[in-house]
Amino acid sequence: MSEIAFLLNGTPMRLADQPATRSLLDWLREERRLAGAKEGCNEGDCGACTVMVSDSRGTHALNACILFLPQLHGKAVRTVEGLGDPDGTLHPVQQAMIDQHASQCGFCTPGFVAAMAVNHLNGESDHDTALAGNLCRCTGYAPIIRAAEAAACHPVPQWLRQATDPAIFCPKISRGESRASVTGGSAPPPFIPKSSDDLAQWFAENPQATLIAGATDVGLWVTKQLREPAPLAFIAGLDDLRGVTLTDSEIRIGATTTLADLHKAIAPHHPSFAELIRRFGSAQVRAAATIGGNIANGSPIGDTPPALIALGAMLHLRRGDARRAIALEDFFIEYGKQDRAPGEFVEAVSFPRQQDRLRCYKISKRFDQDISALCGCFNISVENGTVSDARIAFGGMAGTPKRALAVELELIGNSWTIETAEAALPAFDEDFQPIDDMRASASYRLETARNLLLRYFHEDQGTPVNVLEVAP
Amino acid sequence: MSVHKPLPHDSARLHVTGQARYVDDIPVPAGTLHLAFGLATVSHGRITAMDLAAVRAAPGVVAVLSAEDVGDADCSPSAHDEPLLAQGVVHYAGQPVFLVVAESHLAARKAARLGQVSYQELPAILSVEDALAADSRFEDGPRIWARGEPDAAIAAAPHVIEGRIEMGAQEHFYLEGHAALALPQEDGDMVICCSSQHPSEIQHKVAEALGIAQHGVRVEVRRMGGGFGGKESQGNHLAVACALAARATGRPCKLRYDRDDDFLITGKRHAFRIDYRAGADEAGRVLGIEFDQYALCGWSQDLSLPVADRAMLHADNAYFLPAARIVSHRLKTNTQSATAFRGFGGPQGMLGIERVMDHVAHKLKLDPLAVRRANYYRPAEAAKTGPGTARRVTGPHSPQPPATQALQTTPFGQIVEDFILHELTDKLATQADYAARRVAITQWNRASPVLKKGIALTPVKFGISFTLTHLNQAGALVHVYLDGSIHLNHGGTEMGQGLFQKVAQVAAGVFGVGLDAVKITATDTGKVPNTSATAASSGSDLNGMAVKAACETIRARIAGVIAARHQCAPDDIRFTDGQVRAPGQDYSFAEAATLTWQARESLSATGFYRTPKLEWDRIRGHGRPFFYFAYGAAVSEVVIDTLSGEHRILRTDILHDAGASLNPALDIGQIEGGYVQGAGWLTSEEIVWDGQGRLRTHAPSTYKIPATGDRPRLFNVALWEGENREETIHRSKAVGEPPLMLGISVLMALSEAVAACGDGSVYPALDAPATPERVLMAVRRQRGGGDA
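What you see is a predicted model, and the numbers here were worked out from it, not measured in a lab. (Residues numbered from 1 in each chain as written. Chains lettered and ligands numbered in written order. Predicted model: local features only at pLDDT ≥ 70, side-chain atom pairs only at ≥ 80, totals over all residues. Heavy atoms only, no water.)

### Some details on the side chain of Thr728 of chain B
Residues and elements named next belong to chain B. When you line up the elements, Thr728 lands in the loop between β29 (714–719) and α20 (744–755). The exposure class assigned to Thr728 is buried, which follows from its relative accessible area of 8%. A polar contact is formed between the side chain of Thr728 and the side chain of Asn724, at a distance of 3.3 Å. Residues contacting Thr728, with those up to four places away along its chain left out, are Asp541, Met545, Phe627 and Tyr628. (Helix = DSSP H or I, 4+ residues; strand = E, 2+ residues; numbered from the N terminus. Buried < 20%, exposed > 50% of the residue type's maximum accessible area, 1.4 Å probe, protein only. Polar contact = N/O pair within 3.5 Å; in protein donor to acceptor, adjacent residues only side chain to side chain. Contact = heavy atoms within 4.5 Å.)

Below you can see the structure in the form of structure tokens.
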């Protein structure tokens, strides 16, 4: 059987003839004539295409524009058209949006409604964070947030609770063969491994393949660069590559752990890292994007590598049956080049359990859902007033995520004072020669990188340094 | 009465259920073709070779059109200087060079990337300096409007300030990108469905491109997913391309821009540089002032002349400038052609004078609000009341103007006869607790080494009317059917602002029926012809009046018929609660309509409106371009991080004048949204072109409009209670654009926060958008560091 099977607004769908990189949004709009979800940007940055997706791990809002059909196998999709009660009653968030005058042009509204319905279902109360991935150009957001707050007073409709319960909806998806194979045109069918062993063997044999977990990056290759990557393996379903494992000595994060799951797992241990992840992409992106993808794509502006490097992370790689572990900073060789052999993939990243001294500073033009101009992560240990260890890493300051080794050396062994911090500032020039681009100038990056060390010191002394924590 | 009620947007239920239909949602006929433009990759260059073989050979491609195929089809709204496809020379990176017609949207996009175009690059004009050096401009020279002797006034003033502010472009980022669909009809006619604020212009441009009469083209616009001015003229290319391709192939043709293409092709808000020199007295009153406004207009004229005019017309904002010279340079550059954007030059002009107020206050070490108040126009009340009867309308901080003095005029000679900002400012300052908070912030800043706060109150006075006087007209078409249902149509377009609902409220009010009796229908050039763009905040002012006129015509006919039956005067017939009430007998509205029909009276009428009192000479810069002014003020409080330049808005209080609001809920929506959009313009929204003139911010990944977390943490918005002194539709005021300029308070609050880092000797001179980088640079200057 070569089909993908999922529920669309409660109706079983079985698709066998769609290209593997066809987006859910295109399919909904062009094949199903469900035009509620909109294309606002086609790159997962505006949320106008947001849909509700339920699987055995919960219900999430996802961007349909960068969601490939094979990713839906075994899941339940609900679009804005499917959020009202079948008897015609509006969903509480829909009614609240009307009551609060929260739609003007209405184009972003279906995406907001879908995201809000997910948040309503999940009892999410941090609306600003949960809706940061939905852009509205008309309202200034105030009425939308008022609507989200008003809807929270109403219970989740019983029918929707059932419709998103995997115990109830999973049997409705005709199972048969549990693996999907979707073909399209001349491209080979995508590979959907059953286990990481399965993946290891296939990838060693198909080293030119592209691995897709959340598709938040590869999605743009398709929608913006108009590439047709092949062959493809869809790996988000690999349970044995997913999850955060804590032992006495280390924290290990499986490659297909989503940023959303990592956020929850890391918060008790390294709250500043969790806060960094809170600002990573958007709820829609974090529900899809994985830690493995954020590392393996090698971007110099990925936000998790600087934090992980500052925590002393090791990267666990596998090719066939061969496994190796390297320091994460050594994975990034230069811009566009990583220490990864063809057919080799990221299994996990791990770092030692430690006292939390980590602070992560993401600097961007907009706080939410923005790519960092620079991201500085500081992990400085102080014993008896002296810097005993320092691990500092930056994104956005070089062609790769990079440690500030010269700065670290200036700090270690010296007393933890503002004078020491200031004396270390010139060393930033040794560590980094950043570039000018549309996000910031080189001089701003360098100056701010230096200042972030001062911010770390001030914050360590209890001085308020975070504008997001200032009350009106 | 349905007017003045806070009713929801007419499409609210359709919006939230996903049923509201936009152009891309319209089911297309089988065989519809899809278009994509191939875009220029250099900002100025002569096309030396164009190899489109690979494009033609790409899967799904039906046709490829280049300049020779489309003739001199033009897309300009003004000067006939925008060929659909570049003719020999490209003038900006992103300019359409060829047009792909394919079986699918994706096939067209893919093929469009395969064109091989070679250029002989020409010098590109990308900056004010480039343009001035090359004398590259629209019109023969700068426009200059002057009053009095500003040079002498400045020379004689006790204090002189001089400075410059740069303000960046702004992308509209309507959530719905541009889209158009052309449906070929019999006999060469064409129907266009598109996302446009100006269906009549689409009709005219398509007819011209097809070489057919305007009656052969019908344009329909039900709604837009946001416009903000970006769909006033920028949709012409899509409609013309679709029409030409549809004629060439005989098949329906559709073009929607991918978001990146929309950024790359279409115009944005004009970036401006404004140089200023002003002389002030000890109270901060401006005695003389000179502005040099440099508008970066892009490659074609588009709407740049009226935009630049409006910047000049708002160079005073709320302040009486006794001696002023305003010089406006409209510079032609090799970038996207800057276009209309909410405020239409007003924001730029207004930011210039608000910068001056801030600068004067800093120099004189005065509260900027005191300086602003000292410069306010004389209040309307003072002129109305005679000596001895003037009531105190200003607060304790406002100098009381002598009641006998005459009203003041703007630098362009319009009498400011409705000035309410003294009272409005007092009320807002009190409600927002401005004075006490300002003191508290000073104390807070002393105790906070890293973070600094700032607060600012800025006013808005915005002129309402198209400055091209003949555009101030509107038409409507209303039918009443025998069952009493009403078909409503007018020339305005719905882009989210709630125009359709406001106008429906007017119609329902005339007939005394519920809104459910009124069917709002798509804007259609076949129903109401020769319309103006829905722009200049004029939508409900113009169309509301036109609809009212049409409805009153029909109502008079019904009243006449009913009155004749009862042998009473038509004035005795009342239309309320869905009833037509004659002495002694009530008819349902449907019965009355049927009786009118049986009496062989028409139940269909057009309505027309022209704005009175306007008289404007734009060359002299003198007259009354505006019917009235809309007012408002905002207090914004911000906090900055002096180590990174990051900042955010903590609290905003707004009091805004919508006259006797037609719909307070919709108007507050315009105010909240306009403020956040204005704040975005001045903070996070940075349009970046590289040294070669290529746009580097062309998607939401790189161009950052405010997200929900960027709105003020505390956000108090209220309407000023008052009515328009002019006879507008139910005494309401236009509200589309003015609130955007309330966002200027954010930049001024940031300026205050930056100034808190210094000793008062260095003016922050914060440019816009005030990204973290610009704020950090300004902080560095305060702390004695130079520019890096």
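### Focus on the interface of chain A and chain B
Taken residue by residue, the interface counts 81 residues in chain A and 88 residues in chain B. Summed over both sides, the interface of chain A with chain B buries roughly 6,900 Å², with 57% coming from carbon and sulfur. Linking chain A with chain B are 15 salt bridges. Residue Asp25 of chain B pairs with Arg29 of chain A through a salt bridge whose shortest N-O separation is 2.5 Å. Where chain A packs against chain B, one counts 43 residue pairs in polar contact (both at pLDDT 80 or more). If you list the elements that add at least two residues to the side of chain A that touches chain B, you get α2 (92–99), α3 (109–122), α5 (142–151), β15 (358–363) and α19 (442–460) of chain A. Examining the composition of the side of chain A that touches chain B, we find that eight residues originate from one element, α19 of chain A, more than from any other. Of the residues assigned to the side of chain A that touches chain B, the class counts are 37 nonpolar, 23 polar and 21 charged. (Buried area = accessible area lost by both parts, 1.4 Å probe. Salt bridge = Lys/Arg side-chain N within 4 Å of Asp/Glu carboxyl O. Nonpolar A, V, L, I, M, F, W, Y, C, P; charged D, E, K, R; others polar.)

### Remarks on the packing of α3 of chain A against α5 of chain A
Each packed pair of helices is defined by two parameters, the angle between the axes and the distance between the axes. Residue and element names in this part refer to chain A. Running from N to C, α3 and α5 point in directions that differ by 35°, and their axes come no closer than 10 Å. The handedness of the crossing between α3 and α5 is right-handed. Residues Phe112, Met116 and His120 of α3 form the contact with α5, whose own contacting residues are Ile144, Ala147, Ala148 and Ala151. For the contact of α3 with α5, the per-class residue count stands at six nonpolar, one polar and no charged. (Axes fitted to C-alpha atoms, helices over the stretch in contact; angles between N-to-C directions. Left-handed = near helix turned anticlockwise from the far one by under 90°.)

### A closer look at the packing of aromatic side chains
Residues and elements named next belong to chain B. Overall, the coordinates contain 32 aromatic pairs over all chains when judged by the stated rule. Ring-pair connections join several aromatic residues into one group, and the members of that group are Trp145, Tyr319, Phe320, Tyr376, Tyr377, Phe412, Phe419, Trp616, Phe626, Phe629 and Tyr631. The ring of Phe173 carries the charged tip of Arg259 above its face, separated from the ring centre by 4.3 Å. (Phe/Tyr/Trp six-rings, centres within 6.5 Å; stacked < 30°, edge-to-face > 60°. Lys NZ or Arg CZ within 6 Å of the ring centre and 35° of its normal.)

### Concerning the pattern of salt bridges
All names here are of chain B. Overall, the coordinates contain 87 salt bridges over all chains when judged by the stated rule. Here Arg218 ties to Glu220 by a salt bridge, and the two come within 3.3 Å at their closest N and O atoms. By relative accessible area, Arg218 is classed as partly exposed at 30%. The residue Glu290 makes a salt bridge to Arg277 at a minimum N-O spacing of 3.4 Å. Here Glu290 is found in strand β14 (residues 286–296), whereas its partner Arg277 is found in strand β13 (residues 271–280), with 13 residues between them in sequence.

### Observations concerning the sheet that holds strand β11 (residues 217–221) of chain B
Residues and elements named next belong to chain B. The strand order across the open sheet formed by eight strands is β3-β5-β1-β12-β9-β10-β11-β20, and the pairing between neighbours is mixed. Strands with a single pairing partner mark the edges of an open sheet, and in this sheet they are β3 (61–65) and β20 (523–524). Sheet topology note: the strand β9 (residues 179–184)/strand β10 (residues 190–194) ladder contains five bridges and is antiparallel. Among the inter-strand pairings, Ala182 is bridged to a residue of β10, identified as Ile192. In the packing of helix α4 (residues 105–112) onto the sheet, the strands contacted are β1 (33–39), β3, β5 (96–102) and β12 (253–256), and the crossing angle to β1 comes to about 20°. Contacts from helix α7 (residues 199–210) reach β10, β11 and β20, with the element oriented near 150° to β11. (Pairing = 2+ DSSP bridges.)

### Structural notes on the packing of α19 of chain A against helix α21 (residues 772–782) of chain B
Contact geometry of α19 of chain A with α21 of chain B gives a least axis separation of 11 Å together with a crossing angle of 70°. In this view, α19 of chain A runs roughly perpendicular relative to α21 of chain B, as classed from their interaxial angle. Residues Tyr444, Glu447, Thr448 and Asn451 of chain A of α19 of chain A form the contact with α21 of chain B, whose own contacting residues are Pro772, Glu773, Leu776 and Arg780 of chain B. A per-class count over the contact of α19 of chain A with α21 of chain B returns three nonpolar, two polar and three charged. (Parallel < 35°, antiparallel > 145°, perpendicular 65-115°, else oblique.)

### Focus on the domain arrangement of chain A
Residue and element names in this part refer to chain A. For chain A, the assigned domains are domain 1 (3–81 + 163–234), domain 2 (92–156), domain 3 (239–352) and domain 4 (358–460). Using C-alpha coordinates to define each centre, domain 3 is positioned 21 Å away from domain 4. Buried area between domain 3 and domain 4, summed over both chains or domains, comes out near 2,100 Å², and the portion from carbon and sulfur atoms is 60%. Summed over the three residues of domain 3 that lose the most area to domain 4, namely Arg279, Ile301 and Ala310, the buried surface amounts to 31% of that side. Across the domain 3-domain 4 interface, the total number found is four salt bridges. At the boundary of domain 3 and domain 4, one finds 12 residue pairs in polar contact (both at pLDDT 80 or more). Mapped onto the side of domain 3 that touches domain 4, the elements with two or more residues apiece are α11 (271–278), α14 (304–310) and β12 (332–334). Of the residues contributing to the side of domain 3 that touches domain 4, the split by class is 13 nonpolar, six polar and five charged. (Domains from an automatic or database assignment.)

### Here's the deal with the sheet that holds strand β15 (residues 324–331) of chain B
Residue and element names in this part refer to chain B. Overall, mixed pairing links the five strands, which are arranged β7-β15-β14-β13-β8 in an open sheet. The open sheet has two free edges, formed respectively by β7 (143–147) and β8 (159–167), since each of these has just one partner strand. Mean inter-strand twist for the sheet, computed between neighbouring axes without regard to direction, equals 10°. Sheet topology places β14 next to β15; eight bridges connect them, and they run parallel. Within β15, the residue paired with Glu290 across the bridge is Arg325.

### Quick look at the state of the cysteines
Covalent bonding between the sulfur atoms of two cysteines defines a disulfide. Tallied over the entire structure, the rule returns zero disulfides over all chains. Residue Cys138 of chain A stays outside any disulfide, its sulfur separated by 3.9 Å from that of Cys105 of chain A, the closest cysteine. (Disulfide = S-S within 2.5 Å.)

### A few points about unusual backbone geometry
The peptide bond linking Ala230 of chain A to Pro231 of chain A adopts the cis configuration, its omega dihedral lying at -10°. Residue position: Pro231 of chain A is located in the loop between α9 (218–223) and β7 (232–234). Each neighbour pair has its own omega, and for Ala768 of chain B with Pro769 of chain B the value is 0°, a cis peptide bond. Among the structural elements, Pro769 of chain B can be located in the loop between α20 and α21. Of note in the backbone geometry, Asn384 of chain A takes a positive phi value of approximately 50° without being a glycine. Tracing the backbone through its elements, the reader meets Asn384 of chain A in the loop between β16 (374–383) and β17 (386–395).

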